[in-house]
Amino acid sequence: MIDHPETRQDRLALLMQRLRDGALHRAEDMAADFGVSVRTIYRDMDALGRAGIAIEGTRGAGYRAQARLTLPPLNLTETELEVLHLGLAAVGAGAGDMPELAEAARSLSERIDALLPEDGPASAAFGFADPALAQAARGFRHMPAIRAAIRARQKLRLWVEGLDKPQDIRPLALDYWGRVWTCTAWNETTEAFTELRLETIDRLMPLPGLFLDEDGKQLVDYRARR
């Protein structure tokens, strides 16, 4: 019996270490050692396989890992995960006449997705798995301008898909939700808080003048309402 790992990532890392000894390991034995169900071990084996670990074996017979290039476990911050996704999405969207690069980016994103926590804001499909969100990369071009406006407390005028007229906002924060970026803002056009998905922004323009803190229009006020 071993100490039960606290997170799924920890369990997957320990399972990978065990499987690399070359011996066959039964799912029932691993489930008992890690304090989870046999069904969970089956799912973990599938996840390791999707992550690129060469798993050999079948349910009922046992599992082991074949030798292949592997990297040690990494603990990433949400910002580091955001940077990783930005790079993969940029390659996937801009590979042009190099389809092997786009396919490698897609494959890598799926492997990362397989190892992400089962809950939390990054638990949604990480890479390119959901075609409905394939346009998320469109919003990347606006991120530098929005980040700069947040730091400078600069108002922005946005032209947003589906809205007839531009929106004047006070950008307050950028949030990352597993491949989707949103901007939390006080919308001066509607006189209400709003969360805008960056890929829905067609274009933006900084407005003259800076905004000051006002009661009811700050990020702390928005979070207090949630």
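Residues numbered from 1 in each chain as written. Predicted model: local features only at pLDDT ≥ 70, side-chain atom pairs only at ≥ 80, totals over all residues. Heavy atoms only, no water.

Here we take up the packing of helix α1 (residues 8–19) against helix α3 (residues 38–50). Closest axis-to-axis distance for the α1/α3 pair is 11 Å, and the angle between their directions is 75°. With respect to their mutual orientation, α1 and α3 come out roughly perpendicular. Between α1 and α3, the contacting residues are R8, R11, L12, L15, M16 and L19 on the first element and T40, I41, R43, D44, M45, A47 and L48 on the second. By residue class, the composition of the contact of α1 with α3 is eight nonpolar, one polar and four charged. (Axes fitted to C-alpha atoms, helices over the stretch in contact; angles between N-to-C directions. Helix = DSSP H or I, 4+ residues; strand = E, 2+ residues; numbered from the N terminus. Parallel < 35°, antiparallel > 145°, perpendicular 65-115°, else oblique. Contact = heavy atoms within 4.5 Å. Nonpolar A, V, L, I, M, F, W, Y, C, P; charged D, E, K, R; others polar.)

Let us look at the environment of T182. With respect to the helices and strands, T182 occurs in strand β5 (residues 181–187). It is 9.7 Å that separates the C-alpha atoms of T182 and T200, two residues lying 18 residues apart in sequence.

All right, on to unusual backbone geometry then. Despite not being glycine, R153 shows a phi value in the positive range, around 60°. Relative to the helices and strands, R153 resides in the loop between α6 (143–152) and β3 (154–160). In this structure R153 comes out as partly exposed when scored by relative accessible area, which is 30%. Within the chain, E191 stands out as a residue other than glycine whose phi angle is a positive 55°. E191 sits in the partly exposed class, given a relative accessible area of 49%. (Buried < 20%, exposed > 50% of the residue type's maximum accessible area, 1.4 Å probe, protein only.)

With that out of the way, let us pick up the sheet that holds strand β7 (residues 201–210). The sheet built from five strands is open, its strands ordered β6-β5-β4-β3-β7 with antiparallel pairing. In this open sheet, the two strands that pair with only one neighbour each are β6 (192–197) and β7. Strand-to-strand twist of the sheet, defined as the mean angle between neighbouring strand axes without regard to direction, takes the value 45°. The sheet contacts of α6 involve β3, β4 (167–176), β5 and β7, and relative to β4 the element is tilted by about 105°. (Pairing = 2+ DSSP bridges.)

With that out of the way, let us pick up the packing of aromatic side chains. Summed over all chains, the structure comprises two aromatic pairs. Seen from their ring centres, W186 and F193 are 5.1 Å apart, and the 80° between their planes marks the pair as edge-to-face. Accessibility assignment for this pair places W186 and F193 in one class, buried. Between the aromatic rings of F193 and Y222, the centroid separation amounts to 5.4 Å while the plane-to-plane angle is 55°, which identifies the pairing as tilted. With a gap of 29 residues between them, F193 in strand β6 and Y222 in helix α7 (residues 219–225) connect regions that are remote in the sequence. Ring pairing ties together the aromatic residues W186, F193 and Y222, which thus form one cluster. Lying over the aromatic face of W159, R203 brings its terminal NZ or CZ to 3.8 Å of the ring centre. (Phe/Tyr/Trp six-rings, centres within 6.5 Å; stacked < 30°, edge-to-face > 60°. Lys NZ or Arg CZ within 6 Å of the ring centre and 35° of its normal.)

Right, let's get into the nonpolar core. If you look at the biggest cluster of nonpolar residues, it comprises 21 residues, and the most contacted ones within it are I146, L156, L158, I169, W181, C183 and L198. Counting only elements with at least two residues in this core, the list comes to α4 (78–94), α5 (99–115), α6, β3, β4, β5 and β7. Grouped together as the second largest cluster of nonpolar side chains are 15 residues, M16, M30, Y42 and A65 included. (Core = buried A, V, L, I, M, F, W, Y, C linked by side-chain atoms within 4.5 Å.)

Our focus in this paragraph is helix α2 (residues 27–34). Every buried residue of α2 is listed here: A27, M30, A31, D33 and F34. All buried residues of α2 lie within an arc of 165° about the axis, which places them on one face of the element. Of the residues flanking the end of α2, it is G35, one or two places downstream, whose phi is positive at about 70°. (Arc of directions from axis to C-beta.)

Counted under the stated rule, the structure contains 12 salt bridges. One salt bridge in this structure joins E188 and K155, with 3.3 Å as the shortest N-O distance. Here the residue E188 occupies a position in the loop between β5 and β6, and K155 occupies one in strand β3, the gap between them amounting to 33 residues. E199 serves as the salt-bridge partner of R197, at 2.5 Å between the closest nitrogen and oxygen. Judged by relative accessible area, R197 falls into the partly exposed class, the value being 33%. (Salt bridge = Lys/Arg side-chain N within 4 Å of Asp/Glu carboxyl O.)

The next subject is the packing of α2 against α3. It is at 8 Å that the axes of α2 and α3 come closest, and there the two elements cross at 105°. The orientation of α2 with respect to α3, classified from their angle, is roughly perpendicular. Where α2 approaches α3, its residues A27, E28, M30 and A31 are matched on the opposing element by V38, I41, Y42 and M45. In the contact of α2 with α3, the residues fall into seven nonpolar, no polar and one charged.

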